[in-house]
Amino acid sequence: MRPLNVQIRLGNLRHNYRILKEMHGGKLLAVVKADAYGHGAVRCAFALADLADGFAVATIDEGIRLRESGITHPIVLLEGVFEASEYEAVEQYSLWPAVGNQWQLEALLSRHWKKTVKVWLKMDSGMHRTGFFPHDYASAYAALKQSEYVDSIVKFSHFSCADEPESGMTEIQMEAFDLGTEGLEGEESLANSAAILNVPEARRDWGRAGLALYGISPFGGSDDRLKPVMRLSTRIFGERVLQPHSPIGYGATFCTSKSTRVGLIACGYADGYPRRAPSNSPVAVDGKLTRVIGRVSMDMMTIELDASQEGLGHEVELWGDTVNINTVAEAAGTIPYELMCNIKRAKFTYIE
């Protein structure tokens, strides 16, 4: 069997939730959209079942999957519905929909609900992607408040630059949110992972833990408070020694400068490892750092081995405990979200 393996350490997931919950101080949603960022939404939700105040997903299908798997916690649909008919499933599965535009609002208010619904009313406080503008927010809130079908309203918004503390944008957005919601009663939610870790003023009634829940710092580098949940590894299945000035891989983009031991490993861009990861991207052989050399192929990669490193059959960590996924993402010009969500053709093992 091809030796590409993903370990999901559920104990680390629970550790991270506890840390983030303690920091936030209020209730905390575990964000498990996109199959828990590639970690497996159902398994992660059950691992957090005795800790989490609720879960957040992007789509109705993701919410239904959790419900049909036995999750009874509150589930927030962060993007709301995509068509009015989906409100039927919102009611059937007792989901909490976000409302971020006029048609979602009108469709919710025009439906004859059999039971009341808790609504997350979104403000566009400056990201300009979705949500009601601050000057329109109070009227949308009033329309929901007057409906006999609306149980309660959570006021929320999303930060665009919370992972860039020096930008000043988070402070601007908080000010816009507070002005736009002044005098409106109800719970609030502002803090995403970066704000939970770094913006105490954003810690309101509900936090939303995404990237940090999976043990990854939203600021790049590492955070000693968090433990990585996903570990991607493979093995060396070929080895050779190349003489100086020997090209390696497609495009001959890398040439050896000296006699070089080269290991061949079972992972490539068809598995989700980024093709644009350059030579010098980090990997670790039996816990010792080394590097990718040559272009990433569809199913294989080549790595450099020094004289002290073991070769054929030995484990190679692509990211996890020794190799920080933020470092891999930065080298490839992307973000860790994309790396984790794209992994496929690997054997997943869940470790309690």
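Remember, it's a predicted structure, so these values are computed and weren't measured experimentally.

Asks: Help me understand helix α1 (residues 10-24) in this model?
Replies: Think of an α-helix as 3.6 residues a turn; residues three or four steps apart then line up on the same face. Over its 15 residues, α1 runs 21 Å from end to end, which matches the ideal 21 Å to within 8%, given 1.5 Å per residue. The complete set of buried residues in α1 reads Leu-10, Asn-12, Leu-13, Arg-14, Asn-16, Tyr-17, Leu-20 and His-24. In the core, the buried residues of α1 are packed alongside β1 (5-9), β2 (27-31), α3 (41-47), α9 (193-198), β9 (206-209) and β18 (347-351). Among the residues trailing α1, Gly-25 stands out with phi positive, at a value near 90 degrees.

Asks: Looking at this structure, I do not really get the pairing of strand β14 (residues 282-285). What am I missing?
Replies: Moving residue by residue along a regular strand, the side chains alternate between the two faces of the sheet. Across the two faces of β14 the burial is the same, with Pro-282 and Ala-284 and Val-283 and Val-285 all buried. Bridge analysis of β14 against strand β15 (residues 288-291) gives 4 bridges, and the strand direction is antiparallel. Its bridge partner being in β15, Ala-284 is matched across the sheet by Leu-289. Taking the residues that link successive antiparallel strands as the turn, the β14-β15 hairpin has 2 residues, and the phi of Asp-286 there is positive, at about 50 degrees. In the sheet, β14 pairs with strand β17 (residues 315-319) via 2 bridges, with the strands oriented antiparallel. Each bridged residue has a counterpart across the sheet, and for Val-285 the counterpart in β17 is Val-316.

Asks: Before we go on, may I ask you to explain the nonpolar core in this structure?
Replies: Nonpolar side chains tend to gather and get buried jointly when the protein is soluble and globular. Counting 109 residues, the largest nonpolar core has Leu-66, Tyr-273, Leu-318 and Trp-319 as its most contacted members. Apart from residues lying up to four places away in sequence, Leu-66 is in contact with Val-32, Ala-41, Val-42, Ala-45, Phe-55, Val-57, Ile-71 and Ile-75. Judged by nonpolar contacts, the second largest core, of 5 residues, contains Leu-242, Phe-254, Val-262 and Ile-293.

Asks: Would you take a moment to explain the pairing of strand β13 (residues 260-265) for this structure?
Replies: Along β13, 5 of the 6 residues are buried, which leaves the element largely enclosed by surrounding structure. Two elements, strand β10 (residues 230-242) and β13, share 6 bridges in a ladder whose sense is antiparallel. In the sheet register, Gly-238 faces β13, and the bridge partner there is Leu-264. One ladder, built from 5 bridges, connects β13 with strand β16 (residues 301-305); its direction is antiparallel. If you follow Gly-263 over to β16, its bridge partner there is Ile-303.

Asks: Whenever I open this one, the environment of Asp-178 confuses me. Can you help?
Replies: Mapped onto the fold, Asp-178 is located in helix α8 (residues 169-180). Put simply, Asp-178 and Pro-134 are 44 residues apart on the chain and 9.2 Å apart in space, counted from C-alpha to C-alpha.

Asks: I'm lost on the side chain of Lys-155 in this one. Help?
Replies: In this fold, Lys-155 is placed in strand β7 (residues 150-157). Classification of Lys-155 as buried rests on a relative accessible area of 2%. Those residues in contact with Lys-155 that sit more than four places away from it in its chain are Leu-121, Tyr-137, Tyr-141, Phe-177, Thr-181, Leu-184, Glu-185, Gly-186, Glu-187, Glu-188 and Ser-189.

Asks: Just to check I follow, could you spell out the packing of aromatic side chains for this structure?
Replies: Scanning the model with the defined rule gives 7 aromatic pairs in all. Measuring from centroid to centroid gives 5.7 Å for Tyr-37 and Tyr-337, while their planes differ by 40 degrees, and the two rings are tilted. Of the two residues, Tyr-37 sits in helix α2 (residues 33-38) while Tyr-337 sits in helix α11 (residues 336-342), which places them 300 residues apart along the sequence. Given the relative accessible area of 34%, Tyr-337 is considered partly exposed. Summarising the aromatic geometry, the rings of Tyr-87 and Trp-113 are spaced 5.6 Å apart at their centres and angled 65 degrees between planes, so their arrangement reads as edge-to-face. Within this pair, whereas Tyr-87 is found in helix α5 (residues 87-92), its partner Trp-113 is found in the loop between α6 (102-110) and β6 (117-123), the two being separated by 26 residues in sequence. Neither Tyr-87 nor Trp-113 differs from the other in exposure class; each is buried. Members of the aromatic cluster, each reached through a chain of ring pairs, are Trp-96, Trp-120, Phe-156 and Trp-206. Of note, Arg-111 hangs over the ring of Trp-113, and the distance from its end group to the ring centre comes to 5.1 Å. Over the ring of Trp-96 we find Lys-118; its NZ or CZ atom is 4.5 Å from the centre of that ring.

Asks: I keep staring at α8 and nothing clicks. Help me out?
Replies: Taking 1.5 Å of rise per residue, the 12 residues of α8 would be expected to cover 16 Å, and the 16 Å separating its terminal C-alpha atoms lies within 8% of that figure. The complete set of buried residues in α8 reads Thr-170, Gln-173, Met-174, Ala-176, Phe-177 and Gly-180. For α8, the buried positions fall inside an angular range of 165 degrees around the axis, keeping them on one side. Projecting away from the buried face of α8 at angles above 90 degrees are the exposed residues Ile-172, Glu-175 and Leu-179.

Asks: Looking at this structure, how should I read the pattern of salt bridges?
Replies: Side chains that differ in charge, positive against negative, can pair when their charged atoms come close. Across all of its chains, the model carries 24 salt bridges by this definition. Two residues, Arg-345 and Asp-271, come together in a salt bridge whose shortest N-O distance is 2.8 Å. Within this pair, whereas Arg-345 is found in the loop between α11 and β18, its partner Asp-271 is found in the loop between β13 and β14, the two being separated by 74 residues in sequence. Relative accessible area serves as the criterion here: at 47%, Arg-345 is assigned to the partly exposed category. The salt bridge involving Arg-276 is made with Glu-338; its shortest N-O contact spans 2.9 Å. Of this pair, Arg-276 sits in the loop between β13 and β14 while Glu-338 sits in helix α11, placing them 62 residues apart in sequence. By relative accessible area, which is 46% here, Arg-276 ends up partly exposed. Taken together, the shared-partner salt bridges in this structure form one network comprising Arg-9, Arg-231, Glu-315, Glu-317 and Asp-321.

What counts, and where the lines are drawn
Residues numbered from 1 in each chain as written. Predicted model: local features only at pLDDT ≥ 70, side-chain atom pairs only at ≥ 80, totals over all residues. Heavy atoms only, no water. Helix = DSSP H or I, 4+ residues; strand = E, 2+ residues; numbered from the N terminus. Expected span 1.5 Å × (residues − 1). Buried < 20%, exposed > 50% of the residue type's maximum accessible area, 1.4 Å probe, protein only. Contact = heavy atoms within 4.5 Å. Pairing = 2+ DSSP bridges. Core = buried A, V, L, I, M, F, W, Y, C linked by side-chain atoms within 4.5 Å. Phe/Tyr/Trp six-rings, centres within 6.5 Å; stacked < 30°, edge-to-face > 60°. Lys NZ or Arg CZ within 6 Å of the ring centre and 35° of its normal. Arc of directions from axis to C-beta. Salt bridge = Lys/Arg side-chain N within 4 Å of Asp/Glu carboxyl O.

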